[in-house]
Amino acid sequence: MSGTSHPAPEQIRENLVKSYPAKVAKKRLGQIVVNRKDTDGKVPEMKANVRTIPGIITQRGCCYAGCKGVVLGPTRDIVNLVHGPIGCSFYAWLTRRNQTRPETADSPNFMPYCFSTDMQDENIVFGGEKKLRKAIQEAYDLFHPKAIGVFATCPVGLIGDDVHNVAREMKDKLGDCNVFAFSCEGYKGVSQSAGHHIANNQLFKHVIGLNDEPVPGKHRITMLGEYNIGGDAFVLEDLMERCGITITATLSGNSTIAQFERAHTSDLNCVMCHRSINYVADMIEKKYGVPWIKVNFIGANATAKALRKIAEYFADPELIARVEEVVTEELAKVAAVAADVRSRCEGKTAMLFVGGSRAHHYQELFAEIGMKTLAAGYEFAHRDDYEGRNVLPTIKVDADSRNIEELDVEPDPVKFKARRSPSEMEALKADGFPHHDYKGMMPEMDNETLVIDDISEHETEELLRIYKPDIFCAGIKEKYVVQKHGIPCKQLHSYDYGGPYAGFQGAINFYREIDRMVNASIWSMISPPWQQNSKPTLDAEYVKN
Ligand code: CFM
C-alpha cells in the first residue's frame, strides 16, 4: 500500500471540502493546512479552537467531559458528583481507561462508582439545589470522603442552580470535607478544552497549595498532564524511582487529593499533556515560583531526552550519572526490539487524529520504527499546540474563550520562592532547557504533510480513500468505519485493550502492537458492505422544501 503516489497535498485539500456548501468549505479550509516551513522554520497558521460547524460529524467531546472525565476523573479519593440528568453520568462512567492503584485494599477508591443527582423534570422546573445538597450529604454519610467535587451539566447552567454556593454551604456544614464545584456545563466553549481550563482553575483555587509540607525525598517533580491511561503513570513512577527522582504529585493519573494539595512544593513541574494542564503549570509558577518544562515520555528517545533535561535542571552529578545508567540500559533493550520491528514496518504510513496532544507525541513512536506520518490533527487543541507557544501573543481571544474565566495570579507574598535565580534559568535556557516552551506539532512534521484540525467523518473517509495509510489512529467512534475500509485503526485514547505505551517499556509494547496490526494479512481480505452489494445498503431520498 505504501509508496503509492498521491495527488499534490493542495489538490487533496481541495478534494476534502468539495462536497461541502461553499460557506462550509471556506471555513473548513482554514483548518486544513499543508505543512510547509518557511526559511525561518515558521509554519502556516492553523485556525484552531473554533466552533464545529453544525451538521458536521466531529470527533469532539463537551466541556463537562474535559472537566469531570479528563482532569478530575483519574483521582481516586474525590467523590465526583454530577449534578444533572442521569445520562451525563452514565455515559461518563468508567469509559476512560485511567487506572489507579490504591495504597491498601481498604484505601478509598471511588472511581468505580457513578455519583449523580439524577435530575428529573421537577428539578428542572423548580430548581435542583435542594437535591444537590441532599446528594452531597448522602455521599458524605456513606463514604466520608476527604473531598467532593460537583460538576454542573447543561441543564444546571440553563436553570441557574448556584452550584458554588451549595458547595460552600456544604463545606462549612460538613467541616472535614472539601467541597468545590465546577461550572463545566457541556455547552461551554467549543470542546472539552474549555473543561480542562475550568478544572485547572478550580483545582488551583480550592486544592493546590493547602499543604506546604514537601514529600520526603530528593529531586522533587510534579507531573502534570499524565492521566495513567492503560497504566502509563505506573511505568513513569517506576522509571523515576529507578533514577532517584521523587514524584510529589501527578495531575492526575493514579493520584489522590493529598497529592494535589502539595503539588506546588516540588522544584520542577513536568508537563506531559500541554493542552489539558498548561494553565496549572503557569499558575503554580507565578504564585509559588516553580518553573515548568514540557516533557514527552512517549517514544524511547523522547523519554531519554526528558530524563536528561530533568537531571540537567537538578545538576546533581549523582543523579546525572544514575539517569545515564538507566537510559543506556533501557535504550539497549528498546533498540533490539525496534530493529526487529523496523525490518517489517519501515516505510509504512500512519495518520493520527486524536485529542490535543497524542496526535503529536505518538509520531515519535512511529518514527522510531521507520514509519512515516502522512497526516495528523487534533480534535480540540489550540494554535500553540500546532504552531508552538511562540504564537501565543498573536492568538485572538474570541467570545467562546472569553467565557472561560482567566484567574489573575500574583506571587504569594509568603509562599513564593523562585526555585532557580533568573540568571540560573537564563543559563539553563541558553543550554536548550525548554523552560515554558512547547514547540508544537507542525514544526516537527515533514513538509507537504496535511494537518487537519477537528477533522470530520467525511474528511476522514476521503483521506482513507486517497492515501490508504497502513494504519489510522483515532478513537472508538472512528474505529469501525476505518476498519471497514480494510485499514487497521489503533485507538489512541483508550489504547484499545493495550498499553502502557509511556517510557521505554511502553515503546516496546507499542512497536510490537503496531507490527502486529500493520502486518496482519486479514485487512486485505475485507470488503466493506458498500462494495458487496451493487445497490447501496440504505435507500434514501433528499427532500428539499
Ligand atoms: Fe491530553 Fe489526554 Fe490528550 Fe486530553 Fe482526551 Fe485522553 Fe486524548 Mo482522549 S488529556 S489532550 S482530553 S493527552 S481523554 S488522556 S486520549 S482526547 S490526546
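First things first, this report covers the structure right here in the doc. All values derive from a computational prediction rather than experimental measurement.

1. Some details on the overall build of the protein
- Along its length, the protein carries 22 helices and 14 strands.
- Relative to the compact-globule value of 24 Å for 545 residues, the protein shows a C-alpha radius of gyration of 24 Å, a close match.
- For the protein, the spread of C-alpha atoms along the three principal axes comes to 70 × 70 × 45 Å.
- Per-residue burial for the protein yields a buried fraction of 56% across its 545 residues.
- The long-range fraction of contacts in the protein, counting pairs at least 24 apart against all pairs at least 6 apart in sequence, stands at 76%.
- Entry remark: accessible area of the protein is about 24,200 Å², with carbon and sulfur atoms responsible for 53%.

2. Re the nonpolar core
- Formed by 112 residues in total, the largest nonpolar core has its most connected members in Leu251, Phe297, Leu307 and Tyr511.
- Per-element accounting of this core gives the leading share, nine residues, to helix α14 (residues 317–345).
- Beyond its immediate stretch of four places on either side in the chain, Tyr511 contacts Ala300, Val334, Val337, Ala338, Val341, Leu365, Glu368 and Ile369.
- Formed by 26 residues, the second largest nonpolar core is a distinct cluster that contains Leu29, Val34, Met351 and Leu463.

3. Some words on the packing of α14 against helix α21 (residues 503–518)
- Viewed as axis vectors pointing N to C, α14 and α21 meet at an angle of 5 degrees, and their least axial separation amounts to 9 Å. As the angle between them shows, α14 and α21 are arranged roughly parallel. Contact with α14, carried on its side by Val327, Glu330, Leu331, Lys333, Val334, Val337, Ala338, Val341, Arg344 and Cys345, involves Phe504, Ile508, Tyr511, Arg512, Asp515 and Val518 of α21 and no other residues of that element.
- Partitioning the contact of α14 with α21 into residue classes produces 11 nonpolar, no polar and five charged.

4. Structural notes on helix α19 (residues 457–467)
- Regarding α19, the residues found buried are Glu459, Thr460, Glu461, Glu462, Leu463, Leu464 and Tyr467.
- At the C-terminal side of α19, Lys468 shows a positive phi close to 45 degrees.

5. Brief notes about the site of the ligand
- Around the ligand sit 14 residues, and of these Arg96, His196, Cys273, Ser357 and His493 come closest.
- Taken together, the residues of the shell around the ligand break down into six nonpolar, six polar and two charged.

6. Topic: the pairing of strand β8 (residues 268–271)
- Side-chain alternation along β8 places Leu268 and Cys270 on one buried face and Asn269 and Val271 on a second face that is also buried.
- Of the strand pairs in this sheet, strand β6 (residues 220–226) and β8 are connected by four bridges, and their pairing is parallel. The partner of Thr222 across the bridge, within β8, is Asn269.
- Pairing of β8 with strand β9 (residues 292–294) involves three bridges; the strand directions are parallel. In the sheet register, Asn269 faces β9, and the bridge partner there is Trp292.

7. Here's the deal with the side chain of Asn123
- Checked against the element boundaries, Asn123 lands in helix α5 (residues 121–126).
- Residue class for Asn123 comes out buried when judged on its relative accessible area of 11%.
- A distance of 2.7 Å separates a polar side-chain atom of Asn123 from the backbone nitrogen of Gln120.
- With residues near it in sequence (within four places) discarded, Asn123 still touches Asp118, Gly128, Lys131 and Ile159.

8. Some words on the sheet that holds strand β7 (residues 246–252)
- A sheet is described by the order of its strands in space; here four strands give the open sequence β7-β6-β8-β9, paired in parallel fashion. The sheet is open, and its two edges are formed by β7 and β9, each paired on a single side. Taken pair by pair, the neighbouring strands of this sheet meet at an average axis angle of 25 degrees, ignoring direction.

So, how was this worked out
- Residues numbered from 1 in each chain as written.
- Predicted model: local features only at pLDDT ≥ 70, side-chain atom pairs only at ≥ 80, totals over all residues.
- Heavy atoms only, no water.
- Helix = DSSP H or I, 4+ residues; strand = E, 2+ residues; numbered from the N terminus.
- Rg over C-alpha atoms; globule rule 2.2 N^0.38 Å.
- Buried < 20%, exposed > 50% of the residue type's maximum accessible area, 1.4 Å probe, protein only.
- Contact = heavy atoms within 4.5 Å.
- Areas by Shrake-Rupley, 256 points an atom, 1.4 Å probe, with all protein chains shown as cover.
- Core = buried A, V, L, I, M, F, W, Y, C linked by side-chain atoms within 4.5 Å.
- Axes fitted to C-alpha atoms, helices over the stretch in contact; angles between N-to-C directions.
- Parallel < 35°, antiparallel > 145°, perpendicular 65-115°, else oblique.
- Nonpolar A, V, L, I, M, F, W, Y, C, P; charged D, E, K, R; others polar.
- Near = heavy atom within 4 Å.
- Pairing = 2+ DSSP bridges.
- Polar contact = N/O pair within 3.5 Å; in protein donor to acceptor, adjacent residues only side chain to side chain.

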